[in-house]
Structure formats: structure tokens, C-alpha cells
Amino acid sequence: MGGDSTAGDSADDSAADSPAGDPAAGWRDFFAFDEPYESQADAVETAIEVGEREGYLAMEGPCGTGKTMAALTAGAALVEHTRTFDRVVVVTPVKQQRAQFVEDLRAINAGLAADDSTPGPLRGVSLTGKRDLCPYGREGVFPEDVSTHDRCEDLRENTADLVEAEDRSTDGPVADAALEADLGDVWWDPSVASDLVREARLDAETHRTFEGALATAGAESPYPASQPRAPESLVGGDDPPLYCPFEADWFARNTGSPVGFDAGEHSVVTPAEYLPAATERGTCPHRVMSVLLEHADVIIGNYNHLFDPATRPLVTSVLDSSTFLVVDEAHRLEERVRDLLSDRVGRDTLVRARNDCAHLVSRARESDDRRQAVADHLGTHDVPLAAVDRAREFYDDLLGWLDERVAAHLDAEFDRDWRAGDPADALPERDVELPLRDPETAEPDELTRWAERQGYGGDLWRSLATVGAAVEDAVDGLGLGRSPVCAAVGVVMSRWWERDHARYLREVELEHAPKPDRAADADYESVYTAGLVLFDCMPAESLRETFDALGGGVLMSATLSPLSVFTEVSGLASLRAGDPERGNQAAATDDRGDAAGATDGRGRPVVTKSYPLRFPEENRASWIVDAEPFTARNRGDPGEMEPLGEGWNPTRDEYAHVLRTVGRAPGNVLVAMPNYREAAWVGAYLDGAVDKPVLVDESSTNEATEALKQRFFRGQGKVLVTSTRGTLTEGIDYDGEKLAAALVVGVPLVNVGSPRVRAVRRAYADAFGEDNAFAYALTVPAVRRARQALGRVIRGTDECGVRVLADRRYTAGVRHSVHEYLSPAEREEFVRLTSEFLDPQLAAFWDDRRPG
């Protein structure tokens, strides 16, 4: 931590009663407020108790529980008072929640600074992506057809080549660093790096009179807006490479950082502080962030940092058994991690991989000398030129197979009419999935079988990653001026062959991405971007491995119930079941926090807790409307329904009554429908049925959604209609008078006929049993979505509001009931009523709360 711990040494009684090494007694030193809520104190103490036994707490607590402060307090106490933990790592997929963790951590440190008897501040850093930190990328200096990540990687390699020391000596001037790096094998020359920095600075002779400084985030860098090339004194030839002076400055500081934790309020630094500070000092902001996280006590990032194989290397050094993990918004874990662990290779990328190989083969055929030079580079990887040519042939044939497979599918769906004229007029404006096996049968896919028939067997597929790495090394070493992709493509191709056919679904995916300039080509590529997808149906195994590698932690959300299901699908249950080599005794708890049994003595502790909404119950009304299930079969197609009721069936009539009743209630009303088509129908109906503005959300850009939300918040009461699966029903704080009622209509199940959904259901059946598959894979996530929408209403002690679930399936004891998937508190609090009683109950609730 940032200062010496004095817990136990102070004359203050509370400190004296908190001896070092006892986090359960000393956690109040870190708690930022006078007194915790009852549930909050229990959460802190449970997290500490479980953490001391290297276990995990799965915690459900609605808004107002104080989950963020509880998790940080427990983590801080464990870091300060035990030898088990060195740091806390927080991951959350919601930007607003990352800001909340920063705010709470600063509040903790403010309290520590105000009391000399407490430990020093917790050094904290909030992480963000390279695209948001690179000054060149942020200001549009890079070419438009190259991603910031790829361009940065190329510049980093060029810069590393330039500063590489011949004698591996660190003699020479080293720039100041507020935070020093943990130097291992120093292979760079800081004096050469300093020369590159001086060469690039605006006050250098070459730039003094030509252009202004590169500026970003309100800060001006010491370098010009254009990218510098290496001085001729360092390189030979007529085409010196581009390099990054920000990267060179980092090497000049011996990979240290000129920005310390004092740059942030109360020792917590965010991109708002370290981006401009690093830019002004001429050091790469992304490198500064990487140094800060190495020294931090608390690291706040997103799911990608922990679960994305491409992003995780940034934080790998701080992910070990001394890390206490906090996973926020954990109800999103399955879906988000499933996407992160799935692989996609687009057709254009396959073309580039083929051309990488073809370019090198062509180079080798130009002369004997060039053939030998190519062979020498490939030889360092034990890859012969023939293997590269074989990979080229494979990628070429694969592209032919892909085009034929897509065309055959479109012919089958639309005859051959789509080929006549502009395909955009005939093909659907949506993404298309082409599963390459029966999603409900674990069997080899079409592509694998085709490859085997063509003589492309396992040896070839498994070699593609090695061949790709060799090709990239040769392209780079020979200075061929390409940005090869064949190594990354080869890795995915190797996985395609190696991974099993039960957990992974292999598909061709067509992303709807019209290209008007190619309309005359009359092929599918003018409408879709094709790609091969290796879809991970079952992330629980990967999650278990991730959690088992860390020291313990907390997984939390407002909507985790049923916690027994959550522990299964998140991998925690198998972690509790244990590895025979482990010896930890563990105890689990049920949704109410009661003891639910122990492990066999070989696993890690996994405890579950569910806390009730702490705000006054008299300030809210919670109803389940016992209406006919709002299923596609019962309600009919909204596209065939007139907005004013003509041609409606009884189900839609019943829900129209519910919709206008809630919509006419005072204040802002949020209506969450199962999908955007139903939302559009509701918007059209309510526009003539309620005496207030009706706003209708649709699948759109983040900017359009934000503008709609702000319109909803401004002025008098309105109705906002959206999809329960959209972005307006969770992760948004409708505090104060922003929302008076939330109505969730139906159970928002995803399309159960989708190939991926069918494959997930099959994988869940194999893992958790046929009887549980539909509930675990589909029903429970759908009910969590509904509960998230309801949770937008009551956000504070003095707030009043109404929560309505409209669909008989939310009641107990009916066919296809989902009542058991509500939280324990919700099952007790929600009252069943029929639609005709909704109007008088609403009127009575609001009448009781009118002034006077």
C-alpha cells in the first residue's frame, strides 16, 4: 500500500482493537462512511471470511446494498492484514460502474488520509484500451485503413529494433521516472532511446519550423503531429522506418513512468489524469498505465482485461494467487465471456493470410539468393518453404469452399433470384448464421470433413500457427513492407481442428455490411461480410480455470438468483467440488445465505448470499399481473396488428389494457417488451392511448440511444418503450424523479431456434442434465433481464415507484412458471393480481403519496 500500516499500534481504542493480521477486526479502518448498512456489514465480513480461506463469495444485492464499497473494503482489509493478498483486481463491463469503483476507492483513501492511525492510501489505477490512449490514434494521424492497435504494434516493433543495444549495457543517461520498472534482462539502450526522443521533439532542428505540436485530451505533447522517421545515422538504406517517440521515451526512462499515483485524486489515477500527464511528458500513455498497474494496490478494469485472450497479457503479471478478484455485474458473465472466448476469422483476413504466404513464396522464387534468405528466416522456426506453399494452397482452397458454401445457402433460401440485379434488394438486412453441423448433435463440421477429403488433415491444421509465425518473422526480417496476419489466423485454424464438437459450434457467419460500391458485382460480398466462427457454447470450464488461478474474491450483481444456478454456470460449483490435489474445506450457502452443505474437503470455499432491497417497502408497489402468457403463439405477429385494436386477439387486448393503465400513471414510465418489434407496436398503440409523449427505442447507435434517454429525462412525464434485451434496461441509474414505474411484459427469451442457442442448450444438457438445460441456458438469463429492468425504479431511500411484471408465468404453480427464478425477497414481496384490478391499485398507491 501507499503508506506504512499502523493498525494495532495506535493509542486509539478502535485501532488498538484491530491487530495486524486480523482483517475481520480491522476492516472498519477502510470503510469510508460512519456506519455500514446491515447487509453491507455482513457482506464485508463474509467476503473477508471466505477470502481468508481462498474462496469465493457470490453475492446478490439490489441497488442500495452498498456492494461496491463492501467489496473494496473487504479487499483492502485482506491486502493490509494478511500475507495472502497483495492486490485487488476489479472487473466490470459497465463504464458507469468503473467510475463508481473509482469514486468509492477515493472515498476510502480520503478517510485514511484524515486519520493518522490508519494505513496509508490504496494506490489505484483505472484501465482503458489502447485506442483511447494513443495520442496519434486519438487525433486521426494513422491511416484510416489500419486499426490503432495494429499500427501501434508495428511502431512498437520498429522502435524496439532501433533501441536494441548491441552490448546489452544500460550505461548512459536515463530519463527520470516517478515509478521505476522491475528490470529483468535489459536489452535496450536508454541513450539511443533518448537520441530518438530528441530527434523527434519540436525543438529539434528537423521540426523547428514546420508544424505544430500533437495535442490530445487537452494536453500538448513535445512532438509534432506527423510521425517521425528514424534518423539516417541509426539505420541504413533510403527508407528509414517510422517509429514512436512516445515509446522511445518509455525506453529512455528504462521502461519506467514519469506519472505517479499522486497525479490522481487521493492516489487513484484514471485515464483523465494519466493520459494528459503522459502526453505532456512525451511518454506513451498506454505504457504509463502498464507501469502504474504493476505498482497498484487496486486495479479497476473491464471483463476484457481478465477474460479476453488478446487483452489479458496486459495484466497477466498481476493475476496470481495473491490477487483478490471482484467481478461486478456478474449476471452478464456467461454471455460476455462466451463472446470473448469465441473466435472469428473474416474472409478478408483469410485472403490476407493466403497472400502473406503467397508473397513469401513468390519472393523465394525470384532468385537463388532470395530463396536462401527466405529459407534462413524460416529455418529458425524449423519451417520449410514447402510448408508455406502448402499453407497458401490450403487458404486458397478454403476461400473457394467458403464462397461456394455461402452461395449454395443463399441459392437454397432465395433460389437464384438474388444473383439477378442488386443482391441488396433480394437478401435480408440482418446477420445470417450457417451452422456447419446439427447444433444439437456433437459431430464433425462440414469444413473439417471437406478438408479431410481434400487431403488437409490434422498435421496441416496444427502446423498453421507455427507456419504463420515463421512467415511473419520472415516478412519482418526481410523488410517486405507488409503487416502479416497469418500467425493469428493460424492459431484460430489450429483451434478449429483441435477443439471438441460438443462445447464448440462451428459456423459461417454473414454480417450484414452493405458495400454500395460493389453492388455491380452481383455477389454476396456486396451485402455481407463472411467469416468462420468457432463459438464457445460453454464458458464455465474457462471461468473455473481463471478463478482457480487467483486467490479468491467476490462475484456480485443485483440479479444473480437462483444462486445455485449461477454457481453452476459460472464454474464456481466445479471449483467448490475441487481438484483432488487441493485440500481446502468449504461450505456453500443457499439463496438466503443459510448453510447449504459442505464440499468433500478437496475444493475451495464458495459461499452465496442474497440480500433484500433495503429501501422502505411502503415506498413501492410490486405486482405480478396474472395475464395470458405473452408468447409468440398467443400474441400473434405485431406486424399484422393495427395500432388501434382492429384485428387483435384476446391476448393482445388484455396486454393493451395493462399497457395503457401503467402508461397513464404519473411521472416517467419505462415499458420493457421482449423485443424491438413488440416495442414498436406498443409505441404506436400508446401514442394514441395515453396523454403524454411516447418515446420508442430501437436498435441504434450509442449516440442515438443516449439522446433518447436524455429526452426521456427532460421535462414532464413520458413513456419510454424499449426491448428488455436492450441497453436502456440495465446499467443506467434512473435516480430521483427520472422514473416512477417500470412495466416488464412477457419473459424475454432469445430466439430459441437460433443455431447458437440450440447448441448452447445441447452443451448445457451435457453439463447440467437434460432437465436443467432450457432453464439454465435460456429461462434464468431471461428472468435476470426482466429483474434488471425492474431495478431501474427504486434507487434511493426517499424514492417511490411501481414495479410490474405482466405475464402469468411469473406467478407460482402455473405451467412454465419462472417464479422460482426471482430472488427470495421478490418471491415474498410481489403480489399477484389480475389486469382489471391494476387500475384501482395504481390509483390508490399514488393517491396515498400525493401531498395534502
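Residues numbered from 1 in each chain as written. Predicted model: local features only at pLDDT ≥ 70, side-chain atom pairs only at ≥ 80, totals over all residues. Heavy atoms only, no water.

Q: So what's going on with the overall build of the chain? Residues and values would help.
A: Per the secondary structure count, the chain includes 30 helices and 23 strands. A burial count over the chain gives 55% of its 852 residues as buried. Contacts in the chain between residues at least 24 apart in sequence constitute 75% of all its contacts with a sequence separation of at least 6. With the model as given, the accessible surface of the chain reaches about 36000 Å², and the carbon-plus-sulfur share is 44%. (Helix = DSSP H or I, 4+ residues; strand = E, 2+ residues; numbered from the N terminus. Buried < 20%, exposed > 50% of the residue type's maximum accessible area, 1.4 Å probe, protein only. Contact = heavy atoms within 4.5 Å. Areas by Shrake-Rupley, 256 points an atom, 1.4 Å probe, with all protein chains shown as cover.)

Q: Go over the confidence of the model for the chain, please, and point to the residues and values.
A: On average, residues of the chain score 89 in pLDDT, and 90% of them are at 70 or above. Note on residues 3–19: pLDDT under 50 across the span, and 28 contacts to partners over four residues away in sequence or across chains. Low pLDDT (under 50) marks residues 579–601, which in the prediction has 66 contacts with non-local residues, meaning those over four places away or in another chain. (pLDDT = per-residue confidence, 0-100.)

Q: How would you summarise the packing of aromatic side chains if you had to cite specific residues and measurements?
A: If you walk through the whole model with that rule in mind, you get 27 aromatic pairs. Measuring from ring centre to ring centre gives 5.3 Å for Y764 and F768, while their planes differ by 80°; the resulting arrangement is edge-to-face. Taken together, the positions of Y764 and F768, both in helix α27 (residues 755–768) and four residues apart, correspond to about one turn of that helix. On the basis of relative accessible area, Y764 is assigned to the buried category, the value being 0%. One aromatic cluster is present, formed by F394, Y395, W401, W450, Y456, W461 and W497 through successive ring pairs. Of note, R652 hangs over the ring of W681, and the distance from its end group to the ring centre comes to 4.4 Å. (Phe/Tyr/Trp six-rings, centres within 6.5 Å; stacked < 30°, edge-to-face > 60°. Lys NZ or Arg CZ within 6 Å of the ring centre and 35° of its normal.)

Q: Let's hear about the side chain of S622: which residues, and what values?
A: Turning to its location among the elements, S622 is positioned in strand β17 (residues 620–625). According to the relative accessible area criterion, S622 is buried, its value standing at 5%. For S622, the side chain forms a polar contact with the side chain of R803, separated by 2.8 Å. A distance of 3.3 Å separates the side chain of S622 from the side chain of E829, its partner in a polar contact. (Polar contact = N/O pair within 3.5 Å; in protein donor to acceptor, adjacent residues only side chain to side chain.)

Q: Can you lay out a negative patch on the surface for me, pointing to particular residues and giving the numbers?
A: A surface patch of negative charge is lined by D150, D154, E157, D161, D473 and D476. Every element with two or more residues in the negative patch is listed here: α7 (148–163) and α18 (458–477). For the negative patch, the leading source of residues is α7, giving four residues. (Patch = residues over 30% accessible without salt bridge, like charges linked within 9 Å, V, L, I, M, F, W, Y side chains within 5 Å. Salt bridge = Lys/Arg side-chain N within 4 Å of Asp/Glu carboxyl O. Lys, Arg positive; Asp, Glu negative; His and termini not counted. Charge placed at Lys NZ, Arg CZ, Asp CG, Glu CD.)

Q: Quick rundown of the sheet that holds strand β23 (residues 831–833)? Include the residues and the values.
A: In space, the seven strands of this open sheet follow the order β19-β20-β18-β21-β22-β17-β23, with parallel pairing throughout. Of all the strands in the sheet, the pair left with one neighbour each is β19 (694–696) and β23. Strand after strand, the sheet turns through a mean of 20° between neighbouring axes, direction not considered. Inspection of the sheet shows strand β18 (residues 669–673) paired to strand β21 (residues 741–745) by four bridges, in the parallel sense. Counterpart to V669 in the pairing with β21 is A741. (Pairing = 2+ DSSP bridges. Axes fitted to C-alpha atoms, helices over the stretch in contact; angles between N-to-C directions.)

Q: Report on helix α24 (residues 650–663), specifying residues and quantitative values.
A: The terminal C-alpha atoms of α24, which comprises 14 residues, lie 20 Å apart, in line with the 20 Å expected from a rise of 1.5 Å per residue. Residues of α24 that are buried include every one of T651, R652, Y655, A656, V658, L659, T661, V662 and G663, and no others. (Expected span 1.5 Å × (residues − 1).)

Q: Can you explain the pairing of β17? Please cite residues and give values.
A: Of all the six residues making up β17, six are buried; the element is thus mostly covered by neighbouring parts of the structure. Both faces of β17 are covered, namely the face carrying R620, S622 and I624 and the face carrying A621, W623 and V625. Bridge count for β17 against strand β22 (residues 801–806) is six bridges, and the pairing is parallel. Within β22, the position partnered with W623 by the bridge is V804.

Q: Describe the nonpolar core, with residues and values.
A: Ranked by internal contacts, the top residues of the largest apolar core, which has 72 residues, are V125 and F547. Sequence-distant contacts of V125, defined by excluding residues within four places in its chain, comprise F261, V269, Y274, L292, L293, A296, V298, I299 and I300. Of all hydrophobic cores here, the second largest spans 58 residues; its members include L350, L378, A391 and V471. (Core = buried A, V, L, I, M, F, W, Y, C linked by side-chain atoms within 4.5 Å.)

Q: Outline the pattern of salt bridges, supporting the account with residue identities and numerical values.
A: Counted by the stated rule, this structure contains 59 salt bridges. Across the salt bridge formed by R419 and D411, the nearest N and O atoms sit 3.0 Å from each other. Since its relative accessible area comes to 31%, R419 is described here as partly exposed. Two residues, E829 and R620, come together in a salt bridge whose shortest N-O distance is 2.6 Å. Of this pair, E829 sits in helix α29 (residues 824–829) while R620 sits in strand β17, and the two are 209 residues apart along the sequence. Of the two residues, E829 and R620, both sit in the buried class. One salt-bridge network, in which partners are shared between bridges, spans R344, E433, E507, E509, E511 and R756.

Q: Would you mind going over unusual backbone geometry in detail, with residue names and values included?
A: Glycine aside, residues mostly have negative phi, and peptide bonds are mostly found in the trans state. Residues S561 and P562 are joined by a peptide bond in cis, for which omega reads -5°. The residue P562 is located in the loop between β13 (552–557) and α21 (563–569) in this model. Its identity is not glycine, yet N254 carries a phi of approximately 55°, on the positive side. On the secondary structure map, N254 appears in the loop between α9 (245–252) and β6 (268–269). Positive phi, normally seen in glycine, also occurs at T255, with a value near 55°. The residue T255 is located in the loop between α9 and β6 in this model. The buried category is assigned to T255, whose relative accessible area is 8%.

Q: Break down the pairing of strand β16 (residues 606–610) for me, with residues and values.
A: The buried fraction of β16 amounts to five of the five residues, a majority that puts the element mostly inside the structure. Along β16, one buried face is formed by V606, T608 and S610 and the opposite face, lined by V607 and K609, is buried too.

Q: Help me get a handle on the side chain of D328, residues and values and all.
A: Examined against the element boundaries, D328 turns out to sit in the loop between β8 (323–327) and α13 (333–341). Buried D328, no salt bridge; nearest opposite-charge side chain is K67, N-O distance 6.1 Å. A polar contact is formed between the side chain of D328 and the side chain of T92, at a distance of 3.2 Å. Dropping the residues within four chain positions of it, D328 is found in contact with V91, T92, P93, Q97, F101, Y303 and M556.

Q: I'd like to hear about the packing of helix α3 (residues 38–52) against helix α4 (residues 67–81), residue by residue, with values.
A: Two elements in contact, α3 and α4, have axes whose closest approach is 9 Å; the angle formed by their N-to-C orientations is 40°. Taken together, α3 and α4 sit at an angle that is classed as oblique. As for the relative orientation of α3 and α4, their crossing is right-handed in sense. Here Q40, A43, V44, A47, I48, G51 and E52 of α3 lie close against α4, whose contacting residues are M69, A70, T73, A74, A77 and L78. Grouping the constituent residues of the contact of α3 with α4 by class yields nine nonpolar, three polar and one charged. (Parallel < 35°, antiparallel > 145°, perpendicular 65-115°, else oblique. Left-handed = near helix turned anticlockwise from the far one by under 90°. Nonpolar A, V, L, I, M, F, W, Y, C, P; charged D, E, K, R; others polar.)

Q: Go over the environment of R287 with me, naming the residues and quoting the values.
A: Following the sequence through the fold, R287 ends up in helix α11 (residues 285–295). For the pair R287 and G256, spaced 31 residues apart in the sequence, the C-alpha separation amounts to 8.5 Å. Once you skip the residues sitting within four places of it in the chain, R287 turns out to touch R156, E247 and W250.

Q: Let's hear about the sheet that holds strand β2 (residues 87–91): which residues, and what values?
A: Taken in spatial order, the eight strands of this open sheet run β6-β3-β7-β2-β8-β13-β1-β16, and their pairing is parallel. Edge positions in the sheet fall to β6 and β16, since each has one partner strand and no second. Of the strands in this sheet, β1 (56–60), β8, β13 and β16 touch α3, which is tilted by about 160° from β1.

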